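# Inside the fold
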Amino acid sequence: MRERLKLIKPSATLRISALAKELAKQGKPVINMSAGEPDFKTPDHIVESAIKALKEGKHFYTPTKGIPELLEAIAEKVNRENGIPAKPENVIVTAGAKYGIFLAMQALLDEGDEVILLDPAWVSYEANVLMANARPVWVRHDESFEDAPIEDYITPKTKMIVVNTPNNPTGVVYPKSFLKKVADLAIDHDLYVLSDEIYEKIIYEGKHYSIASFDGMFERTITINGFSKAYSMTGWRLGYAIASEEIIRDMNKIQSHSISHPTSFVQYAGLTALKGDQSCVDRMVEAFRRRRDLIINGLDDLGVEYVKPKGAFYVFMKVGNGTEFAERFLREEFVAVTPGEAFGSYKDYVRVSYATSERDVKEFLSRLKKYFS
Ligand SMILES: Cc1ncc(COP(=O)(O)O)c(C=O)c1O
């Protein structure tokens, strides 16, 4: 592992966040538009259910795959909402979606296997591929950011394709046609698909499709999801994966000998999140939509090019040299954004997260105007 870890580069965001902290310490009015984390408090009824679980003594070890009620609720949810024919045996509850990705890659990849990542992509996919001793193969999207020539990059060593819809960092919600193409390639070449759907609830335009619901895909797809974004539960560390029983068994082997299981009372909170009133999700999505509209209208007024976000809470904005822009914008206007190089080869871009307050979004636009003038 030590040799493998040398391949994982320090994140391009580290310098920006260190500088942002330094400037804030000096009393500068820093706005952080780099975090991938909703700014809302976890809804009260979810918090209360965790407290109740603790008070009822639900603080002992749980089954390593998760409490049966939650496995059942997740299976029911993905059948109903996503058309994925999962039974509770096809579910594992994980410590965040991120740990589900780690488990899936550790369970399925062998040395030398190639994993297709769509450029730009969230940083942790590459790190997880490398930790599993496999090789990331980056495939750039076309100009629409809704399609990519994956077929040109498949070799006998290809083992998995990673898809993330709605997408971080572009905000694209992949059309059904693209996902169908991925599914056909996976079936033709006998590949796994890891489908990260953590932003599925945060959609403004278009429709979310789960690739595991497509014909012939259930057995070869690992669907990753969680509670961080939809229910503003980032710090709780709760996610889940859906896959064939065999894959879940292997993922559970690793989970049971590493973290055992996600925290007991957090699982009860997750159960409440899934089973309880969903209006909290709608309210958060509406707030994100207002901020998105503010940002894209503002960027249009300024004549800035960007990928139109249809989901998630990011705008991928074209600014020339993204790394230089991120540093100068922070030093001069005290706004932290993430350079495009953090997500692959799109170095002319930066990712702006609007998981901040509406006030910050307005302030961001006025500082951006000042920066450009
Ligand atoms: C695409 C994507 N997947 C997964 C995660 C991590 O989610 P979790 O907090 O459930 O580990 C993030 C967080 O930024 C993300 O952007």
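Residues numbered from 1 in each chain as written. Predicted model: local features only at pLDDT ≥ 70, side-chain atom pairs only at ≥ 80, totals over all residues. Heavy atoms only, no water.

## A word on helix H5 (residues 96-108)
To keep things clear, this is the line we draw: Secondary structure is summarised from DSSP: a helix means a run of H or I of at least four residues, a strand means a run of E of at least two, and numbering begins at the N terminus for each. In this scheme, a helix's expected span is set at 1.5 Å multiplied by one less than its residue total. Throughout this description, buried means an accessible area under 20% of the type-specific maximum (1.4 Å probe, protein chains only), exposed means over 50%, and partly exposed covers the range between.
When the terminal C-alpha atoms of H5 are compared, their 19 Å separation across 13 residues agrees well with the 18 Å that a helix rising 1.5 Å per residue should span. Most of H5 is tucked away: 10 of the 13 residues are buried. Along H5, the positions that sit buried rather than exposed are Gly 96, Ala 97, Tyr 99, Gly 100, Ile 101, Phe 102, Leu 103, Ala 104, Met 105 and Leu 108.

## Topic: the environment of Ser 144
In this fold, Ser 144 is placed in the loop between strand S4 (135-140) and strand S5 (158-164). Owing to a relative accessible area of 37%, Ser 144 belongs among the partly exposed residues under this scheme. A sequence separation of 164 residues divides Ser 144 from Lys 308, and the C-alpha atoms of the two residues are 9.6 Å apart.

## Some details on the side chain of Ser 49
Selection criterion: The contact criterion used throughout is that any non-hydrogen atoms of two residues lie within 4.5 Å.
Its place among the elements puts Ser 49 in helix H3 (residues 44-55). Classification of Ser 49 by relative accessible area gives buried; the value is 14%. Beyond its immediate chain neighbours, meaning those up to four positions away, Ser 49 contacts Tyr 268, Ala 269 and Thr 272.

## Focus: the sheet that holds strand S8 (residues 239-242)
Rule in force here: Pairing between two strands is assigned when DSSP locates at least 2 bridges connecting them. Interaxial angle, 0 to 180 degrees, is taken between N-to-C directions of lines fitted to C-alpha atoms, where a helix line uses only the stretch in contact.
Pairing is mixed across the open sheet formed by seven strands, whose spatial order is S2-S8-S7-S6-S5-S3-S4. Strands at the two margins of the open sheet, each flanked by one partner only, are strand S2 (91-94) and S4. Adjacent strand axes in the sheet meet at a mean angle of 20° when their direction is disregarded. Direction of pairing for S2 relative to S8: antiparallel, over a ladder of four bridges. Looking across to S8, one finds that Val 91 is bridged to Ile 242. Relative to S5, helix H7 (residues 176-189) is tilted by about 165°, and along the sheet it contacts strand S3 (114-119), S5 and strand S6 (192-196).

## So, the domain arrangement of the chain
Cut-off, in case you're wondering: Where each domain begins and ends follows an automated or database-derived domain assignment. Should a side-chain nitrogen of Lys or Arg be within 4 Å of a carboxyl oxygen of Asp or Glu, the pair is scored as a salt bridge. Any N or O atom pair separated by 3.5 Å or less is treated as a polar contact, with the protein-specific requirement of one donor-capable and one acceptor-capable atom, and with residues adjacent in sequence counted only for side-chain atom pairs. When residue character is reported, Ala, Val, Leu, Ile, Met, Phe, Trp, Tyr, Cys and Pro are called nonpolar, Asp, Glu, Lys and Arg charged, and the others, Gly included, polar.
Each assigned domain of the chain is listed with its residue range as follows: domain 1 (2-42 + 279-372) and domain 2 (60-275). Just the C-alpha atoms count here: the centres of domain 1 and domain 2 sit 25 Å apart. Facing 35 residues of domain 1, the contacting portion of domain 2 comprises 38 residues. For the pair domain 1 and domain 2, the interface holds three salt bridges. Across the salt bridge formed by Arg 292 and Glu 205, the nearest N and O atoms sit 3.0 Å from each other. The interface formed by domain 1 and domain 2 contains 23 residue pairs in polar contact (both at pLDDT 80 or more). Within the residue set of the side of domain 1 that touches domain 2, elements represented by two or more residues are helix H1 (2-5), helix H10 (279-302), strand S10 (314-318) and strand S13 (349-353). For the side of domain 1 that touches domain 2, the residue count by class is 21 nonpolar, five polar and nine charged.

## Brief notes about the sheet that holds strand S9 (residues 305-307)
The four strands are arranged S9-S10-S13-S12 in an open sheet whose pairing can be described as antiparallel. Of all strands in the sheet, those bounded by a partner on one side alone are S9 and strand S12 (338-339). Pairing of S12 with S13, which is carried by two bridges, proceeds in the antiparallel orientation. Each bridged residue has a counterpart across the sheet, and for Pro 339 the counterpart in S13 is Val 350. Contacts from helix H11 (residues 322-333) reach S10, S12 and S13 within the one sheet, and its direction differs from that of S13 by about 45°.

## What about the pairing of S10?
Burial analysis of S10 places four of its five residues in the buried class, the great majority of the element. Here S9 runs beside S10; their pairing, made up of three bridges, is antiparallel. By the bridge assignment for S10, Glu 305 is matched with Lys 318. Count of turn residues in the S9/S10 antiparallel hairpin: six residues, of which Ala 312 carries a positive phi of about 60°. Across five bridges, the pairing between S10 and S13 is antiparallel.

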